[in-house]
Amino acid sequence: MSPQKAAAASARDWGVLLVLCGAIFLEGIDVAMLNVALPSIRADLGLSTGSLQWVMSAYVLGYGGFMLVGGRAADLFGRRRMFVFWLSVFLLFSGLGGFATEGWMLIVARFVTGVAAAFMTPAGLSIITTSFEEGPQRNKALLFYSGTAAGGFSIGLVVGGLLTSIGWRWVFFAPVVLSALILLAALAFVPKPSRPDRTGQSVDLVGGITITAAVVLLVLGVERATHTSLAWTLGTLGAGLAFLAAFIATERRSGSPLVRLGIFRSGALVRANLVGLLFAAGFFGFQFLVVLYLQELRDWSTLQTSFAMIVIGVDAILSPLLTPKLVNRFGNARVIFGGLLLASLSYALFLPVGADWTYLAMFPSLITLGIAFSLAYGPLTIVATEGVKEEEQGLAGALLYTSFQFGAALGLSTVTAVNVSATASTSPGALLDGYQAALWVPLAAALLATLISAFGLRTGPTATVVAAGEPADRTADELPASH
């Protein structure tokens, strides 16, 4: 390949990366803005607490439940096709959510938006992992991608507060504009690949139905655990486990399985998913408790809370700038381990929180968590997709994102249960007791994740990455064409 053609191919790959970063930014900002707008939505539509919970749960169920099917669909039917189609669905139903006049309309819109994200996200990730050759260039791209995802969530907290002050419906209309721009860019820049070779492969409908039912029921059981009876929760979780058992039995006999069970023979992949689940549980559970503390006990406004939390968004800067250099020097396993140690430290620093803590007292915990996220999230994405065959990259990405989503649901449900059980009344002292008790949950999750990640330290060093602004180890001639 001539230098001119190689440079053009490299520029095209990075152009595609920017489009996909826009999509993951969209997903993060969409979820964060809705979190901030929930009180205004409840007041305007007259929703009960249970109905309001379903506005969030519906998205979680759609996103977590259909992720594995979405990842496999990208591998079988074409990554660009799945990405563009489901981005269009995301755009449409986000807009419809803004026109909702009843709670059920908003819940349906959020569920379909979650399903769209479940197909769109693994398709986008697998486009990256198949456009960049495994090694420094791919790692650099994935760290940039993960930083953008973190930035979307952090910026969404502030933007959501600003838009909600104008009107909560703008929280749904703003993503429509951003989705439209990303869709046009995707049509222009993401090249059409050759038709996927599905010779000898068929769509595993039974596997798709059973795993979707299993994940939906498991997430639903965890998500609703604090809002319903113990018998209902155990029944839902039991049904989910039964469908999971049926799925495993089906996949063992299938000639073209939805999830090839042999993929779990990779110790690195299994560790990355377990650590990702626990890390998400601690991260989202902690943020939920901090928001409750600031708004319920300290009576901070939504906008004040958003600005207080935005410091965690330092990971959006560190992920593409600092993390590549650390991975290049120490390897993914050690950087992940360090990030989890920092997450544990962050949660421990917040344990003695008082009723009159200044922001300066909270700051060390929040900034440490942002650094921890930048060290753990991107390298986990690299490890979870490293060494996986190209035709299973969508599946590998879907497994990781399913772990993140299930972990978030598990963390939120657990901290809520502990908080409620430890809060004797609505007095400030009782509220503080509840927060302090529940803060042990993120710490326990982070410590367990640290322990699991320690087993990865025994393996050899992983591939190095190229830090932002530094020359690549490979020349442009060695970069693959986009898929």
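In what follows, the accompanying structure is described. All of these numbers come straight from a predicted model, not from anything done at the bench.

### Digging into the overall build of the chain
Logical step 1: Secondary structure assignment for the chain yields 18 helices and zero strands.
Logical step 2: For 483 residues, the compact-globule estimate of 2.2 N^0.38 gives 23 Å, and the C-alpha radius of gyration of the chain, at 22 Å, lies within 12% of that figure.
Logical step 3: The dimensions of the chain, computed from C-alpha atoms along their principal axes, are 70 × 45 × 45 Å.
Logical step 4: Here the chain holds 483 residues, and the buried ones make up 56% of them.
Logical step 5: Long-range pairs, those at least 24 residues apart, make up 84% of the contacts in the chain between residues at least 6 apart in sequence.

### Examining helix α17 (residues 428-438)
Logical step 1: Taken as a whole, α17 has its buried residues at Ala-430, Leu-431, Leu-432, Gly-434, Tyr-435 and Ala-438.
Logical step 2: Structurally, α17 contributes buried residues whose contacts are with α10 (267-297), α16 (393-422) and α18 (440-454).

### Looking at the side chain of Asp-30
Logical step 1: Tracing the sequence through the fold places Asp-30 in helix α1 (residues 3-45).
Logical step 2: Side-chain polar atoms of Asp-30 contact the side chain of Arg-110, separated by 3.0 Å.

### Section: helix α5 (residues 103-131)
Logical step 1: The terminal C-alpha atoms of α5, which comprises 29 residues, lie 42 Å apart, in line with the 42 Å expected from a rise of 1.5 Å per residue.
Logical step 2: Extensive coverage of α5 is indicated by the burial of 24 of its 29 residues.

### Brief notes about the packing of aromatic side chains
Logical step 1: Overall, the coordinates contain 20 aromatic pairs when judged by the stated rule.
Logical step 2: Measuring from ring centre to ring centre gives 5.9 Å for Trp-168 and Phe-172, while their planes differ by 85°; the resulting arrangement is edge-to-face.
Logical step 3: Taking the relative accessible area as the measure of exposure, Phe-172 reaches 2% and is therefore buried.
Logical step 4: Measuring from centroid to centroid gives 6.1 Å for Phe-279 and Phe-283, while their planes differ by 25°, and the two rings are stacked. Within this pair, Phe-279 and its partner Phe-283 are both found in helix α10, separated by four residues, close to a single helical turn.

### Focus on the pattern of salt bridges
Side chains carrying opposite charge are able to pair once their charged atoms draw close together.
Logical step 1: Enumeration according to the criterion identifies six salt bridges in this entry.
Logical step 2: For Arg-79, the salt bridge goes to Asp-75, with nearest N and O atoms at 3.0 Å.
Logical step 3: Assessed through its relative accessible area of 12%, Arg-79 is described here as buried.
Logical step 4: For the salt bridge of Arg-260 with Glu-392, the shortest nitrogen-to-oxygen distance reads 2.8 Å.

### Remarks on unusual backbone geometry
Logical step 1: In this model, Asp-299 sits at a positive phi of 60°, which is unusual for a non-glycine residue.
Logical step 2: Positionally, Asp-299 belongs in the loop between α10 and α11 (302-309).

### Structural notes on the side chain of Glu-27
Logical step 1: Mapped onto the elements, Glu-27 comes out in helix α1.
Logical step 2: The buried charged residue Glu-27 lacks any salt bridge partner; its closest oppositely charged side chain belongs to Arg-110, at an N-O distance of 8.9 Å.
Logical step 3: The residues touching Glu-27, leaving out its near neighbours within four places in the chain, are Tyr-59, Tyr-63 and Thr-121.

### Section: the nonpolar core
Logical step 1: Phe-83, Tyr-293, Phe-350 and Tyr-401 are the most contacted members of the largest nonpolar core, which has 121 residues in total.
Logical step 2: Counting residues per element, this core draws most heavily on α10, which supplies 15 residues.
Logical step 3: Setting aside residues no more than four positions away along its own chain, Phe-83 makes contact with Leu-20, Ala-23, Met-120, Ala-123, Gly-124, Ile-127 and Ala-186.
Logical step 4: In terms of nonpolar packing, the next biggest core, distinct from the first, is built from 17 residues, Ile-41, Leu-45, Trp-168 and Val-171 among them.

### Thoughts on the layout of surface pockets
One simple way to see leftover space: roll a probe sized like a water molecule over the atoms.
Logical step 1: In this model, the second largest pocket occupies a volume close to 760 Å³.
Logical step 2: Together, 25 residues line the second largest pocket, and Leu-68, Ile-211, Leu-244, Phe-264 and Leu-399 are the ones closest to its centre.
Logical step 3: Elements with a contribution of two residues or more to the lining of the second largest pocket: α8 (205-223), α9 (230-253), α10 and α16.
Logical step 4: The class makeup of the residues in the lining of the second largest pocket is 21 nonpolar, three polar and one charged.

What counts and how
Residues numbered from 1 in each chain as written. Predicted model: local features only at pLDDT ≥ 70, side-chain atom pairs only at ≥ 80, totals over all residues. Heavy atoms only, no water. Helix = DSSP H or I, 4+ residues; strand = E, 2+ residues; numbered from the N terminus. Rg over C-alpha atoms; globule rule 2.2 N^0.38 Å. Buried < 20%, exposed > 50% of the residue type's maximum accessible area, 1.4 Å probe, protein only. Contact = heavy atoms within 4.5 Å. Polar contact = N/O pair within 3.5 Å; in protein donor to acceptor, adjacent residues only side chain to side chain. Expected span 1.5 Å × (residues − 1). Phe/Tyr/Trp six-rings, centres within 6.5 Å; stacked < 30°, edge-to-face > 60°. Salt bridge = Lys/Arg side-chain N within 4 Å of Asp/Glu carboxyl O. Lys, Arg positive; Asp, Glu negative; His and termini not counted. Core = buried A, V, L, I, M, F, W, Y, C linked by side-chain atoms within 4.5 Å. 1 Å grid on protein atoms, 1.4 Å probe; cavity = no way out; pocket = protein on both sides within 12 Å on 5 of 7 lines; lining within 4 Å. Points joined across faces, edges and corners; volume = space filled by probe spheres on them. Nonpolar A, V, L, I, M, F, W, Y, C, P; charged D, E, K, R; others polar.

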